[in-house]
Amino acid sequence: RIRHLRLKTMSQEAIMSRLETVTNRLEALATRIDGGGGAPSPAAAAPAAAGGASDKPFVKAFDDMVSSFFTPVETGAKAIGADLEGIVAAFKEAIKQNRALLSVASRCKKPADQATLQTAVKPLLDAMQKVDALKDRRSKSFNHMAMVAEGAAVFQWVCVENTPAPFLGDIIPGSEMYANKVLMEFKGKDETHVNFAKDFKTFLLELQKYVKAEHTTGLVWNPSGGTDYASASSAPAAAPAAPAPKPPGGGPPPPPPPPPAGFFDDMGKKPAASSGGGGAAALFAELNALGEKGVTGNLRKVMKEEMTHKNPALRASGTVPVKKSAGGAAGGAPKAAPVKKPPRKEQAGNKWFFENCENDRELVVEGNPKTAVCMVNCKGSLLQVKGKVNTVQIDGCAKSSVVVESCVASVDIINCKSVEVQVSDWSPMITMDGCAGVIVYLSQRCVDEDVAIVSSKCSELNVVLPAAKVLLPPPAAPSHQPGNRLLVFAATKLEVGASCAAHVRLLRTAR
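Reading guide: rules and limits
Residues numbered from 1 in each chain as written. Predicted model: local features only at pLDDT ≥ 70, side-chain atom pairs only at ≥ 80, totals over all residues. Heavy atoms only, no water. Helix = DSSP H or I, 4+ residues; strand = E, 2+ residues; numbered from the N terminus. Buried < 20%, exposed > 50% of the residue type's maximum accessible area, 1.4 Å probe, protein only. Contact = heavy atoms within 4.5 Å. Areas by Shrake-Rupley, 256 points an atom, 1.4 Å probe, with all protein chains shown as cover. Axes fitted to C-alpha atoms, helices over the stretch in contact; angles between N-to-C directions. Nonpolar A, V, L, I, M, F, W, Y, C, P; charged D, E, K, R; others polar. Phe/Tyr/Trp six-rings, centres within 6.5 Å; stacked < 30°, edge-to-face > 60°. Salt bridge = Lys/Arg side-chain N within 4 Å of Asp/Glu carboxyl O. Patch = residues over 30% accessible without salt bridge, like charges linked within 9 Å, V, L, I, M, F, W, Y side chains within 5 Å. Parallel < 35°, antiparallel > 145°, perpendicular 65-115°, else oblique. Core = buried A, V, L, I, M, F, W, Y, C linked by side-chain atoms within 4.5 Å. Pairing = 2+ DSSP bridges. Polar contact = N/O pair within 3.5 Å; in protein donor to acceptor, adjacent residues only side chain to side chain. Expected span 1.5 Å × (residues − 1). Bend = angle between axes of the 7 residues up to and from the residue. Arc of directions from axis to C-beta.

(A) Quick look at the overall build of the protein. The helix and strand tally for the protein stands at 14 helices and 13 strands. Counting all 511 residues of the protein, 30% fall into the buried class. For the protein, long-range pairs separated by at least 24 residues make up 43% of all intrachain contacts whose partners lie at least 6 apart in sequence. In the form shown here, the protein has an accessible surface area of approximately 32700 Å², with 57% of it arising from carbon and sulfur atoms.

(B) Inspection of the packing of helix α3 (residues 57–69) against helix α4 (residues 71–80) at higher detail. Running from N to C, α3 and α4 cross one another at 35°; their axes reach a closest spacing of 4 Å. Contacts from V66, S67, S68 and F69 in α3 reach T71, P72 and V73 in α4. Its residues assigned to classes, the contact of α3 with α4 shows four nonpolar, three polar and no charged.

(C) Region of interest: the packing of aromatic side chains. What the rule picks out here adds up to eight aromatic pairs. Taking 5.7 Å as the distance between ring centres and 20° as the angle between the ring planes, the aromatic pair formed by F70 and F91 counts as stacked. You can see F70 sitting in the loop between α3 and α4 and its partner F91 sitting in helix α5 (residues 82–107), a full 21 residues away along the chain. The two residues F70 and F91 agree in class, both being buried. Between the aromatic rings of F91 and F155, the centroid separation amounts to 5.2 Å while the plane-to-plane angle is 50°, which identifies the pairing as tilted.

(D) Just the pattern of salt bridges, in detail. The full count for this structure, using the stated rule, is 13 salt bridges. Here E176 and K201 are joined by a salt bridge, their closest N and O atoms 2.8 Å apart. Remark: K201 occurs in helix α9 (residues 191–214) and E176 occurs in helix α8 (residues 164–186); sequence separation between them is 25 residues. Taking relative accessible area as the criterion, E176 reaches 24% and is therefore assigned partly exposed. When the shortest N-O distance is used, the salt bridge between E355 and R344 registers 3.2 Å. Taken as a pair, E355 in strand β2 (residues 351–355) and R344 in strand β1 (residues 344–348) lie far apart in primary sequence, 11 residues in all. The class for E355 is buried, based on a relative accessible area of 19%.

(E) Looking closely at a nonpolar patch on the surface. A surface patch of nonpolar side chains, about 370 Å² in accessible area, is lined by L283, F284, L287 and L290. A residue is classified by how much of its surface remains accessible, and L290, at 42% relative accessible area, is partly exposed.

(F) Looking closely at the packing of α5 against helix α6 (residues 114–133). Where α5 contacts α6, the axes come no closer than 8 Å and their chain directions differ by 170°. Considered as vectors, α5 and α6 are oriented roughly antiparallel to each other. Counting all contacts with α5, which are made through I87, A90, F91, E93, A94, Q97, N98 and L101, the residues of α6 involved are A120, V121, P123, L124, A127 and V131. Among the residues making up the contact of α5 with α6, the classes are represented as 11 nonpolar, two polar and one charged.

(G) Structural context of unusual backbone geometry. Notably, N377 is not glycine yet its phi reads approximately 55°, a positive angle. Although it is not a glycine, E460 sits at a positive phi angle of roughly 55°. Structurally, E460 can be placed in strand β11 (residues 459–464).

(H) Up close: the nonpolar core. Core analysis: the largest hydrophobic core is formed by 59 residues, its most contacted members being L84, V88, F91, V148 and F196. Mapped onto this core, the elements with two or more residues apiece are α3, α4, α5, α6, α7 (142–151), α8 and α9. In terms of residue count, α5 provides more of this core than any other element does, 11 residues in total. Excluding residues that lie within four positions of it along the chain, V88 makes contacts with F70, V73, E74, A77, V148 and F196.

(I) Summary view of the pairing of strand β9 (residues 436–441). Strand direction decides the pairing type here: strand β7 (residues 417–426) and β9, joined by five bridges, are parallel. Residue pairing across strands places V421 opposite V440, the latter belonging to β9.

(J) Examining the side chain of H193 more closely. Within the secondary structure layout, H193 lies in helix α9. At 3.4 Å, the side chain of H193 and the side chain of D190 are in polar contact. For H193, the contacting residues outside a window of four places in its chain are I80, H144, V182 and F186.

(K) Quick peek at α8. End to end, α8 covers 33 Å across 23 residues, agreeing with the expected 33 Å (1.5 Å per residue, within 8%). Approximately 25° is the largest bend angle found in α8, and it occurs at S175. Of all the positions in α8, only P164, A165, F167, L168, I172, S175, Y178, A179, V182 and F186 are classed as buried. Buried positions along α8 lie against α7 and α9. Residue G188 follows α8 closely and has a positive phi angle near 80°.

(L) How the structure looks around α4. Buried within α4 are the following residues: V73, G76, A77 and I80. Projected onto a plane normal to the axis of α4, the buried residues spread over an arc of 100° and lie on a single side. With respect to the buried face of α4, the exposed residues turned more than 90 degrees away are T75, K78 and A79. Packed against the buried residues of α4 are α3, α5, α7 and α9.

Spelled out as structure tokens, the structure:
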């Protein structure tokens, strides 16, 4: 009797186990039904439209993931507002297109060329662009919409080979940034927004887990499948709102309309110039007809005024005007004369300005220790600075001379050519920058009190020192030494004291 009770108990336990299994299956089936009205969701209805029984397990796993983790996102979007509901509906259409591509991959082999693959993926890419286009910065739910729009980029994993799951790991933080903004704004205020952000992030992470488990090295294709990739591109586009349920016994969609008349007429024709030699022969014949000068015979020299890298005005206009030579002579038209600015001689506060003076040898200024003298863009002029001034600046001058009596700070010579500067009494520093052909005459005090001479990017600089005494050259001094350079001695020789050489340290050898 005890044995009979044990057998009876085991049979009851087996019955309960089977009932639990059936219950779990019914619950899983109920989650795929939208609203309990018997109309399947797009993700669940796709297998029936695409072939259902021929889909591989990874397609069914995608359906289970979407039905489990995307339904809360749709519910939260409906509770927040219509604008967010619209972009979530567009995101759901992208999910549908992704599911259609998975279904095609389960029945077809991988496309042999990139063009075919792009055709199969194009509906999914178009759905992603629609999601991004619905993002409205003026909306109060901009952060929500931006989170969904940035998250739509995850569907690009179908085009990534070898590492699709790590690719999703790089894409998800872009959507997570806006999700954090939503959490900071509504945390403790409205849990509907908080739950929406968390549910959407959960869906993206679950999609990454699905890709890592089912498509570790890229989208899985059927090696023994066919080449009917039209199923992915022929999937109907989704409206912003949920589509109306279709009757369960509906037939397949109608075939596409036939192409217009004459659409394939030019496919059998060959191009006019074939690669067999007709076009090449005509090309060489045309080159030979040009004669000895060849192709470059009729070219002309490009003048400087026509070069865009030397004329900013031509770069701004984008076109180079055609210039005609006068009388048939070679070369373009003469350059326009530069605008001549009027000379300026005035005092502004403690500064004296001498600008644009030409051939003026009577420029005189008397200053004090606070006066600054500026000589700018002068040619062939002479400036005398009397008294003790603060600074003297000579900028952009040519063939000019400056006589400075005494300076507190420095004498600055900048971008000058063929300029002579004489210090009659004292200046602690003389600086030269970007100059050529400058001659500096120093006084004995400048030599004795250690004047500082600083130069940068200069050439042909000469420093003239005062003479200690005059000596005649020795009578037997040769004017030429065999094997060496020609040495020419002047009638008089300036002997510089040892102190001058020690202070200035600017000795130049004669070439």
